[in-house]
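A structural walkthrough
Each chain, written out:
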Amino acid sequence: DMDGGELQVLQMADASGKFFDDLRVTGVPKSKIETVNYKGAGYCVFMQGSKILHSVTPVLKAREPRISFVQSFTNRNVFA
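Small disclaimer: the values here were computed from a predicted structure and weren't measured.

About the criteria used
Residues numbered from 1 in each chain as written. Predicted model: local features only at pLDDT ≥ 70, side-chain atom pairs only at ≥ 80, totals over all residues. Heavy atoms only, no water. Helix = DSSP H or I, 4+ residues; strand = E, 2+ residues; numbered from the N terminus. Rg over C-alpha atoms; globule rule 2.2 N^0.38 Å. Buried < 20%, exposed > 50% of the residue type's maximum accessible area, 1.4 Å probe, protein only. Contact = heavy atoms within 4.5 Å. Areas by Shrake-Rupley, 256 points an atom, 1.4 Å probe, with all protein chains shown as cover. Lys, Arg positive; Asp, Glu negative; His and termini not counted. Charge placed at Lys NZ, Arg CZ, Asp CG, Glu CD. 1 Å grid on protein atoms, 1.4 Å probe; cavity = no way out; pocket = protein on both sides within 12 Å on 5 of 7 lines; lining within 4 Å. Points joined across faces, edges and corners; volume = space filled by probe spheres on them. Nonpolar A, V, L, I, M, F, W, Y, C, P; charged D, E, K, R; others polar. Pairing = 2+ DSSP bridges. Axes fitted to C-alpha atoms, helices over the stretch in contact; angles between N-to-C directions.

1. A short note on the overall build of the protein chain
Tallying secondary structure elements over the protein chain gives one helix and five strands in all. Against the globule reference of 12 Å for 80 residues, the protein chain gives a C-alpha radius of gyration of 15 Å, more extended than a compact globule. Along the longest, intermediate and shortest principal axes, the C-alpha atoms of the protein chain span 45 × 40 × 20 Å. Burial analysis of the protein chain (80 residues in total) assigns 10% to the buried set. Across the protein chain, every contact between residues at least 6 apart in sequence was considered, and the portion connecting residues at least 24 apart equals 77%. With the model as given, the accessible surface of the protein chain reaches about 7200 Å², and the carbon-plus-sulfur share is 54%. Placing the 10 positive and 8 negative side-chain charges of the protein chain at their respective mean positions leaves the two points 4 Å apart.

The structure is reproduced here in structure tokens:
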């Protein structure tokens, strides 16, 4: 029902910090990119997005608007 909008995830343990900076210079190895295949509507993936390099391909055609749901968690005491 939709063309595009595939979630692509870099299959490496941690793509943050200096490692991420290096990837920006050298490029992301295509052999390490996995496209997530969902079983159907309503399925999702839980991940720590700041630690896992990921992207979504452009939505080229869709029956209805796409909805993204992002939750963020932090300590109750933000100064802790």
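Next comes the rest of the write-up.
2. What to know about the environment of Asp 3
Tracing the sequence through the fold places Asp 3 in strand S1 (residues 2-4). On the basis of relative accessible area, Asp 3 is assigned to the partly exposed category, the value being 38%. Each C-alpha atom of the pair Asp 3 and Thr 57 lies 9.5 Å from the other, and the pair is 54 residues apart in sequence. If we skip the residues at most four places from it in the chain, Asp 3 touches Pro 58, Val 59, Leu 60 and Lys 61.

3. Quick notes on the layout of surface pockets
By volume, the largest pocket is sized at about 1500 Å³. Along its surface, the largest pocket is lined by 35 residues, and Tyr 38, Tyr 43, Cys 44, Arg 66 and Ile 67 are the ones closest to its centre. For the lining of the largest pocket, the secondary structure elements donating two or more residues are S1 and strand S4 (54-56). Looking at the lining of the largest pocket residue by residue, the class counts come to 17 nonpolar, 13 polar and five charged.

4. Some points on the sheet that holds S4
Here we have three strands laid out as an open sheet, ordered S3-S2-S4, and antiparallel in their pairing. The open sheet has two edge strands with one neighbour each: strand S3 (33-35) and S4. If you compare each strand with its neighbour and ignore which way they point, the axes differ by 25 degrees on average. Sheet topology note: the strand S2 (residues 7-10)/S4 ladder contains three bridges and is antiparallel. The residue of S4 that forms the bridge with Gln 8 is Ser 55.

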